[in-house]
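One-letter residues, chain by chain:
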2 protein chains.
Amino acid sequence: MTEPALVAVDWGTSRLRAALLDEAGTVLERSSADEGIMHVEGGRWAETLDRHVGVWLRQKPALRVVMAGMIGSRNGWVEAPYAQCPAEWSEIAAKMALVRRADGGEVWIAPGLFTRNAEGIPDVMRGEETLICGTNVSDGIMITLGTHCKWATLKSGRIETFASFMTGEFFSALKDHTILGRLAEDPVDNAGFVKGLQAAKRKGGLLHTAFQTRTTVLLGDMPGREVDPFLSGLLIGSEIIGGLELTKPDGMLHLLGAGPRAELYRQTLAAHGYKVIMHDPEQALIAGLARLMHLRGMK
Amino acid sequence: MTEPALVAVDWGTSRLRAALLDEAGTVLERSSADEGIMHVEGGRWAETLDRHVGVWLRQKPALRVVMAGMIGSRNGWVEAPYAQCPAEWSEIAAKMALVRRADGGEVWIAPGLFTRNAEGIPDVMRGEETLICGTNVSDGIMITLGTHCKWATLKSGRIETFASFMTGEFFSALKDHTILGRLAEDPVDNAGFVKGLQAAKRKGGLLHTAFQTRTTVLLGDMPGREVDPFLSGLLIGSEIIGGLELTKPDGMLHLLGAGPRAELYRQTLAAHGYKVIMHDPEQALIAGLARLMHLRGMK
């Protein structure tokens, strides 16, 4: 077995994912749990981390832990203040925060990133900057999938600016806490997705088109089993129309995501005429954290 | 005291409002409670109605009860099937449903209305058709305020078509069930409303602009006390942009609503250059129910 060299952690709002890496960045072991920062009470950061990576650290106490995500927010372990766009990777690395573990070892936390668009309107990300860094893409538009998706504009190896879309969180709130989920039936029929994409192109805006999730079922135009995919198609379609309007890509896009949801984005972007280059989030996280450490002069 | 002539009821999803009227439509007494159809269990429609209007009916058992709203939906007392746009008032009146009370008296329920737009996409209303009827406006664009707002196009005394906007329900779902409500503070500062209106005009669509409710506070551009009004301004502003795009009014609009919310709509529409004629919802309901009954040949 190769020697452990680094512990990489993605500690977000709802989940904690840790990986033990060797020198080459190969994953030796993994740990994952629903212990995101919203589930950690009373500042028990060190204890929670130890439960997941302690066994690795006791084998090699000098191991560094490097983290990205909401753990570096105001509500996390320690606030790693935002770097500002346009941001070089070295500037992001320079703003990493250091915490000491009880065993004296180092815990490094990547900072978030903020931008102000041409009108001065702010936007923020925390965690995605590290993923983007890990893809090693230096120019183009990159979409990162998540509860909030980010459309980042990369230029000459910097993140120039980016825009957030609350697509995933809107889906949950609208499905579970409005009338739109009421007519949904199981098992789900994905035929609704394309109908939702079409609805996203109609006039009147989302406050109007969303109601079609209900009326098409009420009037017998769509079965209840298509409700969830319709709403998903409507929201993903709206995001993509909005994202293309804001970023104006030149025919190619990078997509950071995995699984069925990433495939839905890929297909929708392809239908808009874009070539999509896929990037794996786990690989990107590991490479991103390693790259930030390297830029700080550490392996 | 003048003689009671009719009991008018607005029985919606969340509330029941009843009024005892004389021949001229003057309100003699009122009753109102949080006993909308979602709160009535086991089909206890007659008992619930009796609790609110029984005392009036026992004084004059021949009194007719006339109702509008979700009480005539599939989940209500009896389904009064939708009339179809373009709809004359007489067609709406012809589709009223009749239920008999235990005392033999009549309960009439106004039907809802459905439309299909030029693309064949359906929309529905239930209750608003009666309010619109009661305003006696025969041409123009009328906005009815509610959990779902309706933008109706009236032509030669008919409802030609209409479009729903889920503005009120989005506000509740986003404020209470997404990250957007987290930074809200009391007491509320209404200065946020105009900032939300401005955000509604920005590119990227609602999934993007909504996130500004959070980022402007995180980055210190807006105090937490402006969060709720900002979100309200963003949603009302988005509705008005979408409604104007769909209905293309010619400089004048009718607004059916009362209170501070109606005033926010009026001001926003005025800022878009529209003259707004206000209509009172209670008066419109009473006049609408009386007019529908009259069209059925009853007083």
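Cut-offs used in this document
Residues numbered from 1 in each chain as written. Chains lettered and ligands numbered in written order. Predicted model: local features only at pLDDT ≥ 70, side-chain atom pairs only at ≥ 80, totals over all residues. Helix = DSSP H or I, 4+ residues; strand = E, 2+ residues; numbered from the N terminus. Rg over C-alpha atoms; globule rule 2.2 N^0.38 Å. Buried ≥ 20, exposed ≤ 12 C-beta atoms within 10 Å, placed from the backbone. Pairing = 2+ DSSP bridges. Axes fitted to C-alpha atoms, helices over the stretch in contact; angles between N-to-C directions. Contact = placed C-beta atoms within 7 Å. Nonpolar A, V, L, I, M, F, W, Y, C, P; charged D, E, K, R; others polar. Core = buried A, V, L, I, M, F, W, Y, C linked by C-beta atoms within 7 Å. Domains from an automatic or database assignment. Expected span 1.5 Å × (residues − 1). Parallel < 35°, antiparallel > 145°, perpendicular 65-115°, else oblique. Least-squares fit on C-alpha atoms with pLDDT ≥ 70 in both. Arc of directions from axis to C-beta.

## A short note on the overall build of chain A
- Scanning chain A for helices and strands turns up ten helices and 15 strands.
- In terms of C-alpha radius of gyration, chain A reaches 21 Å, essentially the compact-globule figure of 19 Å for 299 residues.
- Based on the C-alpha atoms only, the size of chain A along its principal axes is roughly 65 × 40 × 35 Å.
- Burial analysis of chain A (299 residues in total) assigns 50% to the buried set.

## Focus: the sheet that holds strand β4 (residues 64–68) of chain A
Residue and element names in this part refer to chain A.
- Taken in spatial order, the six strands of this open sheet run β3-β2-β1-β4-β8-β7, and their pairing is mixed. Of all strands in the sheet, those bounded by a partner on one side alone are β3 (27–33) and β7 (97–100). Averaged over all pairs of adjacent strands, the angle between strand axes in this sheet comes to 20 degrees, irrespective of strand direction.
- Bridge analysis of strand β1 (residues 4–11) against strand β2 (residues 16–22) gives seven bridges, and the strand direction is antiparallel. The partner of alanine 8 across the bridge, within β2, is alanine 19.

## Section: the interface of chain A and chain B
- Each partner contributes residues to the interface: chain A has 40 residues there, and chain B has 40 residues.
- Counting only elements with at least two residues in the side of chain A that touches chain B, the list comes to β10 (122–125), β13 (158–165), α4 (167–177), α6 (206–209), α7 (212–218) and α8 (227–247) of chain A.
- The greatest single-element share of the side of chain A that touches chain B, amounting to seven residues, is contributed by α8(A).
- Within the side of chain A that touches chain B, the residues separate by chemical class into 20 nonpolar, 13 polar and seven charged.

## Concerning the nonpolar core
- In terms of nonpolar packing, the biggest core is built from 180 residues, with Ala8(A), Met67(A), Ala8(B) and Met67(B) touching the most fellow members.
- For this core, the domains that each give at least three residues are domain 1 (4–135 + 285–295) and domain 2 (167–279) of chain B.
- The contact partners of Met67(A), leaving out residues within four places of it in the chain, are Val9(A), Trp11(A), Val107(A), Trp108(A), Ile109(A) and Ala110(A).

## A few points about helix α8 (residues 227–247) of chain B
Residue and element names in this part refer to chain B.
- In a regular helix each residue adds 1.5 Å, so 21 residues correspond to 30 Å; α8 covers 30 Å between its end C-alpha atoms and thus fits that length.
- Most of α8 sits inside the fold, with 18 of its 21 residues counted as buried.
- Following α8 by one or two positions, lysine 248 adopts a phi angle in the positive range, close to 45 degrees.

## Some points on the packing of helix α3 (residues 128–135) of chain A against helix α10 (residues 281–295) of chain A
All names here are of chain A.
- Across the interface, α3 lies against α10 with an axial gap of 6 Å and an inter-helix angle of 90 degrees. Taken together, the axes of α3 and α10 are roughly perpendicular relative to one another. When α3 is examined against α10, the residues Thr130, Leu131, Cys133, Gly134 and Thr135 are found in contact with a partner set consisting of Pro281, Gln283, Ala284, Leu285, Ile286, Ala287, Gly288, Leu289, Arg291 and Leu292.
- For the contact of α3 with α10, the class distribution of residues is nine nonpolar, five polar and one charged.

## Quick look at the relation of the copies chain A and chain B
- Superposing chain A onto chain B takes a rotation of 180 degrees plus a shift of 0.0 Å along the axis, which leaves an RMSD of 0.0 Å. The transformation just described matches what one would write down for a two-fold rotation axis. For chain A, the residue whose C-alpha comes nearest the rotation axis is Ala173(A), separated from it by 2.9 Å.
- Most of the interface of chain A is mirrored in chain B, where 100% of its interface residues are also at the interface.

## Remarks on the sheet that holds strand β8 (residues 106–109) of chain B
All names here are of chain B.
- The mixed open sheet is built from six strands, whose spatial order is β3-β2-β1-β4-β8-β7. If you trace the sheet from one side to the other, it starts and ends with β3 (27–33) and β7 (97–100), each paired once. For this sheet the average axis-to-axis angle between neighbouring strands, irrespective of direction, equals 20 degrees.
- Across five bridges, strand β1 (residues 4–11) lies against strand β4 (residues 64–68) in parallel orientation. Note on β4: the bridge partner recorded for leucine 6 is arginine 64.

## Some points on helix α5 (residues 191–200) of chain A
Residue and element names in this part refer to chain A.
- Every buried residue of α5 is accounted for by Gly192, Phe193, Gly196, Leu197, Ala199 and Ala200. Looking straight down α5, one finds its buried side chains confined to an arc of 160 degrees; they lie on one side.
- At its buried positions, α5 is contacted by α6, α7, α8 and α9 (259–271).

## Description of the pairing of β1(B)
- The buried fraction of β1(B) amounts to six of the eight residues, a majority that puts the element mostly inside the structure.
- In this structure, the hairpin formed by β1(B) and strand β2 (residues 16–22) of chain B is closed by a connection of four residues.

## Observations concerning unusual backbone geometry
All names here are of chain B.
- A cis geometry characterises the amide bond from cysteine 85 onward to proline 86, with omega recorded as -5 degrees.
- Mapping proline 86 onto the fold places it in the loop between β5 (83–84) and β6 (87–88).
- Of note, the amide linkage connecting aspartate 186 to proline 187 takes the cis form, showing an omega dihedral of -10 degrees.
- As for its placement among the helices and strands, proline 187 is situated in the loop between α4 (167–177) and α5 (191–200).
- For serine 156, which is not glycine, the phi torsion reads 50 degrees and is therefore positive.
- Here serine 156 is to be found in the loop between β12 (149–155) and β13 (158–165).

## Describing the environment of Ile286(A)
All names here are of chain A.
- Among the secondary structure elements, isoleucine 286 is positioned in helix α10.
- On the neighbour-count criterion, isoleucine 286 (23 C-beta atoms within 10 Å) is buried.
- For the pair isoleucine 286 and glutamate 160, spaced 126 residues apart in the sequence, the C-alpha separation amounts to 23 Å.
- Leave out the neighbours within four places in its chain, and isoleucine 286 touches Ala8, Ala19, Leu21, Gly25 and Gly134.

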